[in-house]
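Survey of secondary and tertiary structure
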Amino acid sequence: LSTGSLPIGNITSNEIDIRLLNRDDRFNEGNILSPYHNLMKPNRKVRVWVGPVLPSGIVEYQPWGVFWTQEWTVPEQELYADTTARDRMQLLAESTYNCPLVHNTNLYDRAIHILQDAGLVPDEYWVDPELQEYTVEWFWMESCSHREALRKVVEACLGQAYADRKGVIRVEGPSFIKKPE
């Protein structure tokens with residue numbers, strides 16, 4: 001978004017198109033002498049960094065995100081290899097969450113349960129403690145993707161969820177959202 005913000009109660013995922021120069025055929029599947037032989041596969045973790053070249057000639061890199069590759073395209077008669085890579089939020093859309101019926105809980109605990117059920121470990125996500133203030137007498141939802149389940153939690157507290165530039169899933173409550181100036 002041009003404002004760099006996420007609408008309240010929403011969730012977002014990002015993707016990046018990657019094109020690598022393949023001038024010496026190092027990415028071709030048939031090149032068994034390449035150090036990349038058999039590595040051009042889906043679900044390869046990619047950390048993207050970008051940065052300007054400063055007047056001193058030094059490049060000041062900043063993280064742009066953590067992504068996982070889709071299928072690779074490596075045309076034999078072309079000079080490139082390319083793929084589209086998606087962030088962790090998109091990966092959550094590809095797995096199913098079967099919600100248990102829970103009595104006397106809060107949105108913080110439910111968000112953590114959803115993320116852990118998806119296979120994430122604590123250093124791969126951060127949930128705003130403010131979500132502990134949103135109590136629910138009964139919590140249940142029909143089977144859906146982990147991403148959709150997380151979206152419903154975020155919508156219930158008017159928060160937001162996204163993968164940050166280090167690949168950490170952030171689930172933020174409404175107080176975290178910057179108010180328009």
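What you are looking at is a predicted structure, and each value in this text was computed from that prediction instead of being measured.

Reading guide: rules and limits
Residues numbered from 1 in each chain as written. Predicted model: local features only at pLDDT ≥ 70, side-chain atom pairs only at ≥ 80, totals over all residues. Heavy atoms only, no water. Helix = DSSP H or I, 4+ residues; strand = E, 2+ residues; numbered from the N terminus. Rg over C-alpha atoms; globule rule 2.2 N^0.38 Å. Buried < 20%, exposed > 50% of the residue type's maximum accessible area, 1.4 Å probe, protein only. Contact = heavy atoms within 4.5 Å. Areas by Shrake-Rupley, 256 points an atom, 1.4 Å probe, with all protein chains shown as cover. Lys, Arg positive; Asp, Glu negative; His and termini not counted. Charge placed at Lys NZ, Arg CZ, Asp CG, Glu CD. Pairing = 2+ DSSP bridges. Axes fitted to C-alpha atoms, helices over the stretch in contact; angles between N-to-C directions. Polar contact = N/O pair within 3.5 Å; in protein donor to acceptor, adjacent residues only side chain to side chain. 1 Å grid on protein atoms, 1.4 Å probe; cavity = no way out; pocket = protein on both sides within 12 Å on 5 of 7 lines; lining within 4 Å. Points joined across faces, edges and corners; volume = space filled by probe spheres on them. Nonpolar A, V, L, I, M, F, W, Y, C, P; charged D, E, K, R; others polar. Core = buried A, V, L, I, M, F, W, Y, C linked by side-chain atoms within 4.5 Å.

**Overview of the overall build of the protein**
A tally of regular secondary structure across the protein gives three helices and twelve strands. At 20 Å, the protein has a C-alpha radius of gyration far larger than the 16 Å of a compact globule built from 181 residues. Its C-alpha atoms give the protein principal-axis dimensions of roughly 60 × 40 × 25 Å. For the protein, with 181 residues in total, the buried portion stands at 38%. The contacts in the protein between residues at least 6 apart in sequence include a share of 61% that link residues at least 24 apart. Of the roughly 11,300 Å² of accessible surface on the protein, a fraction of 50% belongs to carbon and sulfur atoms. Taking the average location of the 18 positive side-chain charges in the protein and that of its 26 negative ones, the two points are 3 Å from each other.

**Some remarks on the sheet that holds strand 12 (residues 169-172)**
The strand order across the open sheet formed by four strands is 1-11-12-8, and the pairing between neighbours is mixed. Taken across any chain shown, the strands that pair with only one partner, and hence form the sheet edges, are strand 1 (10-11) and strand 8 (125-127). Bridge analysis of strand 1 against strand 11 (residues 160-163) gives two bridges, and the strand direction is parallel. In the sheet register, Asn-10 faces strand 11, and the bridge partner there is Gln-160. Packing of helix 2 (residues 107-117) onto the sheet brings it into contact with strand 8 and strand 12, and relative to strand 8 it is tilted by some 165 degrees.

**Observations concerning the side chain of Thr-83**
Tracing the chain through its elements places Thr-83 in strand 5 (residues 80-86). Take Thr-83: its relative accessible area is 6%, and that puts it in the buried class. Reaching out from Thr-83, the side chain makes a polar contact with the backbone oxygen of Gln-70 at a distance of 3.2 Å. Setting aside chain neighbours within four positions, we find Thr-83 in contact with Ile-16, Asp-17, Ile-18, Thr-69, Gln-70, Glu-71 and Trp-72.

**Re the layout of surface pockets**
When its volume is computed, the second largest pocket comes out at roughly 240 Å³. Along the lines of polarity and charge, the residues of the lining of the second largest pocket split into six nonpolar, four polar and four charged.

**Concerning the nonpolar core**
Of all hydrophobic cores here, the largest spans 28 residues; its most connected members are Met-89, Leu-115, Val-127, Leu-131, Leu-150, Ile-169 and Val-171. Those elements that place two or more of their residues in this core are helix 1 (88-92), helix 2, strand 8, helix 3 (146-157), strand 11 and strand 12. For this core, the leading source of residues is helix 2, giving six residues. Discounting residues that sit within four places of it in the chain, Leu-131 has contacts with Asn-106, Leu-107, Tyr-108, Val-153, Cys-157, Val-171, Glu-172 and Gly-173. In this structure, Ile-18, Val-46, Val-48 and Phe-67 belong to the second largest nonpolar core, which totals six residues.

**Details of the sheet that holds strand 2 (residues 15-21)**
Read from one edge of the open sheet, four strands run 2-5-4-3, paired in antiparallel fashion. Sheet topology places strand 2 and strand 3 (45-50) at the edges, where each strand pairs with a single neighbour. When the angles between neighbouring strand axes are averaged without regard to direction, this sheet yields 40 degrees. Here two bridges tie strand 4 (residues 62-69) to strand 5, and the two strands are oriented antiparallel to one another. Residue Trp-68 lies in a different strand from strand 5, and its bridge partner there is Arg-86.

**Observations concerning the pairing of strand 12**
Burial of the side chains of strand 12 extends over both faces: Ile-169 and Val-171 are buried on one face and Arg-170 and Glu-172 on the other. As paired strands, strand 8 and strand 12 are joined by three bridges and run parallel to one another. Paired with Val-127 across the strands is Val-171, a residue of strand 12. The turn linking strand 11 back onto strand 12 is made up of five residues, and Gly-167 within it adopts a positive phi angle of 85 degrees.

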